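If you want the building blocks of each chain, they are given just below.
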Amino acid sequence: MKRWFHFEDHRLESAVAWLEKLGVKKLRTGLSWADSHRPNYEAWFDRQMSLLEDFDVTLTYCFTPGSCGINEHHTSPPRNIEEFAAFCARMTRRYAK
């Protein structure tokens, strides 16, 4: 199942409870590079990933911060691919089981 959780989404706990009730075992979700430029992003990512510990999670990395894109848009390719790669590596080290 695929489920995206928006930054500081108040429905996170409820959504996780429903996924568990429905018997979902595998989940694809993402962490936003753009969100990593917000205050307290690590607390949000930690909370989200902690609540998803019991699932077999496939994690995707997406959404370019406007200031880091070729164009000022979350779907823009990054100007510096190494910055995006560093974000991906940091999150993988932090959350990989």
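Just above, that's the structure.
Residues numbered from 1 in each chain as written. Predicted model: local features only at pLDDT ≥ 70, side-chain atom pairs only at ≥ 80, totals over all residues. Heavy atoms only, no water.

1. Here's the deal with the overall build of the protein
No. 1: A count of helical and extended segments in the protein gives 3 helices and 2 strands.
No. 2: In sequence order, the secondary structure elements of the protein are arranged as α-β-α-β-α.
No. 3: What you see for the protein is a C-alpha radius of gyration of 14 Å, in line with the 13 Å of a compact globule of 97 residues.
No. 4: Its C-alpha atoms give the protein principal-axis dimensions of about 40 × 25 × 25 Å.
No. 5: Looking at the protein alone, contacts between residues at least 24 apart form 69% of all its contacts between residues at least 6 apart.
No. 6: A total accessible area of about 6200 Å² is found for the protein, and carbon and sulfur atoms account for 53% of it. (Helix = DSSP H or I, 4+ residues; strand = E, 2+ residues; numbered from the N terminus. Rg over C-alpha atoms; globule rule 2.2 N^0.38 Å. Contact = heavy atoms within 4.5 Å. Areas by Shrake-Rupley, 256 points an atom, 1.4 Å probe, with all protein chains shown as cover.)

2. Details of helix α1 (residues 12–21)
No. 1: Looking at α1, one finds that the buried residues are L12, A15, V16 and L19. For α1, the buried positions fall inside an angular range of 100 degrees around the axis, keeping them on one side.
No. 2: Looking at the buried residues of α1, the elements they touch are β1 (26–32) and α2 (41–51).
No. 3: Downstream of α1 by a residue or two, G23 has a phi angle that is positive, lying close to 80 degrees. (Buried < 20%, exposed > 50% of the residue type's maximum accessible area, 1.4 Å probe, protein only. Arc of directions from axis to C-beta.)

3. As for the pairing of strand β2 (residues 56–62)
No. 1: Relative to β2, β1 is paired through 7 bridges, and the arrangement is parallel. Note on β2: the bridge partner recorded for K26 is D56. (Pairing = 2+ DSSP bridges.)

4. With respect to the environment of E53
No. 1: The topology assignment puts E53 in the loop between α2 and β2.
No. 2: Taking the C-alpha atoms as reference points, E53 and A85, separated by 32 residues in sequence, lie 24 Å from one another.

5. Some remarks on the packing of aromatic side chains
No. 1: Counted under the stated rule, the structure contains 5 aromatic pairs.
No. 2: With centroids separated by 5.4 Å and ring planes inclined at 75 degrees, the aromatic side chains of Y41 and F45 adopt a geometry described as edge-to-face. Highlighted residues: Y41 and F45, both in helix α2, separated by 4 residues, approximately one helical turn. In this structure, Y41 and F45 share a single accessibility class: buried.
No. 3: The ring centre of W18 lies 4.7 Å from the NZ or CZ of K21, which sits over that ring. (Phe/Tyr/Trp six-rings, centres within 6.5 Å; stacked < 30°, edge-to-face > 60°. Lys NZ or Arg CZ within 6 Å of the ring centre and 35° of its normal.)

6. Observations concerning the pairing of β1
No. 1: Counted residue by residue, β1 has 5 buried out of 7 residues, so it is predominantly covered.
No. 2: Note on the crossover from β1 through α2 to β2: the handedness is right-handed. (Right-handed = clockwise from strand over helix to strand, strands pointing away.)

7. Some words on the nonpolar core
No. 1: Ranked by internal contacts, the top residues of the largest apolar core, which has 21 residues, are F5, L31, F45, L52, F55, F87 and M91.
No. 2: Among the secondary structure elements, those contributing two or more residues to this core are α1, β1, α2 and α3 (81–95).
No. 3: Once you skip the residues sitting within four places of it in the chain, M91 turns out to touch L31, Y41, F45, Y61 and A96. (Core = buried A, V, L, I, M, F, W, Y, C linked by side-chain atoms within 4.5 Å.)

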